[in-house]
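Spelled out from the first residue to the last, the chains are:
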Amino acid sequence: PAADRLELVVRGWDDALYVRRNSGTGASPWGWWIGLGGRATGPVAAAATTAGGGVTCAAVRGADDQVFAHFSSPTLGTFWTSLPPLRAGPEVAVVALGAFFAVIARGAEDGGLRISVNLAGGWSPWVEVPGEERVAGRAVVTADLSGLTIAARGEDGQVLAANWS
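Residues numbered from 1 in each chain as written. Predicted model: local features only at pLDDT ≥ 70, side-chain atom pairs only at ≥ 80, totals over all residues. Heavy atoms only, no water.

Structural notes on the overall build of the protein chain
For step 1, the next point in the chain: A count of helices and strands for the protein chain gives 0 helices and 15 strands.
For step 2, the next point in the chain: Burial statistics for the protein chain: of 165 residues in total, 44% are counted as buried.
For step 3, the next point in the chain: Taking the contacts inside the protein chain whose residues are at least 6 apart along the sequence as the reference set, 35% of them involve residues at least 24 apart.
For step 4, the next point in the chain: As displayed, the protein chain has an accessible area near 8400 Å², and 57% of this comes from carbon and sulfur atoms. (Helix = DSSP H or I, 4+ residues; strand = E, 2+ residues; numbered from the N terminus. Buried < 20%, exposed > 50% of the residue type's maximum accessible area, 1.4 Å probe, protein only. Contact = heavy atoms within 4.5 Å. Areas by Shrake-Rupley, 256 points an atom, 1.4 Å probe, with all protein chains shown as cover.)

Spelled out as structure tokens, the structure:
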């Protein structure tokens, strides 16, 4: 949730992305569903930060297996960005890092986890998450002052964990 509102980001039956915002005020605080454009082929991952007045970032894998992010900001409006090329698996994760966002995706060819960080208006190149083997699903990510903790299920069913800073 952003600083003063709650946003729900979903993938519709038509694979399009939609957002519904709750202002927290009035008799009916929930607004209408708003189409964000674009098409997704997997689950939607979303994170929000209170930095910069409250920005929400939703990340998805597109129909071409590339990763895209949608930003929603009270001051900048809404817009799409594409991340550096990576043929991604269906699941992506996103986490807020203060005023920035990190997206974690599984490579489709090798099953290894990659991370890209949004810095100064652009996305960093994908970097392999060290120590991770092939994973079999979405990564779960938490952030704190020391960096990220990333956990995922390995192909053998065991839980894998890595720290990234």
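Structure shown, so let's carry the discussion forward.
Details of empty space enclosed by the protein
For step 1, the next point in the chain: Taken as a whole, this structure holds 2 cavities of 30 Å³ or more when the rule is applied.
For step 2, the next point in the chain: For the largest cavity, the calculated volume is near 50 Å³.
For step 3, the next point in the chain: Considering the residues around the largest cavity, the lining is formed by Glu7, Val9, Val19, Arg21, Leu36, Thr56, Ala58, His70 and Ser72.
For step 4, the next point in the chain: Split by residue class, the lining of the largest cavity holds 4 nonpolar, 3 polar and 2 charged. (1 Å grid on protein atoms, 1.4 Å probe; cavity = no way out; pocket = protein on both sides within 12 Å on 5 of 7 lines; lining within 4 Å. Points joined across faces, edges and corners; volume = space filled by probe spheres on them. Nonpolar A, V, L, I, M, F, W, Y, C, P; charged D, E, K, R; others polar.)

Section: the environment of Val60
For step 1, the next point in the chain: Here Val60 shows up in strand β5 (residues 55-61).
For step 2, the next point in the chain: Distance in space between the C-alpha atoms of Val60 and Leu17 is 9.3 Å, their sequence separation being 43 residues.
For step 3, the next point in the chain: The contacts of Val60, once residues within four sequence positions are left out, are Leu17, Ala40, Val44, Gln66, Val67, Phe68, Trp80 and Val92.

As for the sheet that holds strand β13 (residues 140-144)
For step 1, the next point in the chain: Taken together, 3 strands build an open sheet; the order of strands is β13-β14-β15 and the sheet is antiparallel. Of all the strands in the sheet, the pair left with one neighbour each is β13 and β15 (159-164). Ignoring strand direction, the axes of neighbouring strands in this sheet form an average angle of 15°.
For step 2, the next point in the chain: Sheet topology note: the strand β14 (residues 147-153)/β15 ladder contains 6 bridges and is antiparallel. Of the residues in β15, the one forming a bridge with Ala151 is Ala161. (Pairing = 2+ DSSP bridges. Axes fitted to C-alpha atoms, helices over the stretch in contact; angles between N-to-C directions.)

Some points on the nonpolar core
What tends to happen in soluble globular proteins is that the nonpolar side chains get buried as a cluster.
For step 1, the next point in the chain: Core analysis: the largest hydrophobic core is formed by 18 residues, its most contacted members being Val67, Val94, Phe101 and Val103.
For step 2, the next point in the chain: For this core, the secondary-structure elements that each account for two or more residues are β4 (45-49), β5, β6 (67-73), β8 (88-97) and β9 (100-107).
For step 3, the next point in the chain: Listed in part, the 16 residues of the second largest apolar core include Val95, Ala139, Ile150 and Leu160. (Core = buried A, V, L, I, M, F, W, Y, C linked by side-chain atoms within 4.5 Å.)

A few points about the confidence of the model for the protein chain
For step 1, the next point in the chain: Looking at the protein chain, the pLDDT average stands at 77 and 87% of residues meet or exceed 70.
For step 2, the next point in the chain: For the protein chain, β4 is the element with the lowest average pLDDT, namely 71, and strand β11 (residues 122-123) is the one with the highest, namely 86. (pLDDT = per-residue confidence, 0-100.)

Side note on the packing of aromatic side chains
For step 1, the next point in the chain: Under the definition given, this model contains 3 aromatic pairs.
For step 2, the next point in the chain: Aromatic side chains Phe71 and Phe79 sit 5.3 Å apart centroid to centroid with 25° between the ring planes, which places their arrangement in the stacked category.
For step 3, the next point in the chain: Under the relative-accessibility criterion, Phe79 is labelled partly exposed at 36%.
For step 4, the next point in the chain: An aromatic cluster is defined as three or more aromatic residues linked by ring pairs; in this entry it consists of Phe71, Phe79, Phe101 and Trp123. (Phe/Tyr/Trp six-rings, centres within 6.5 Å; stacked < 30°, edge-to-face > 60°.)

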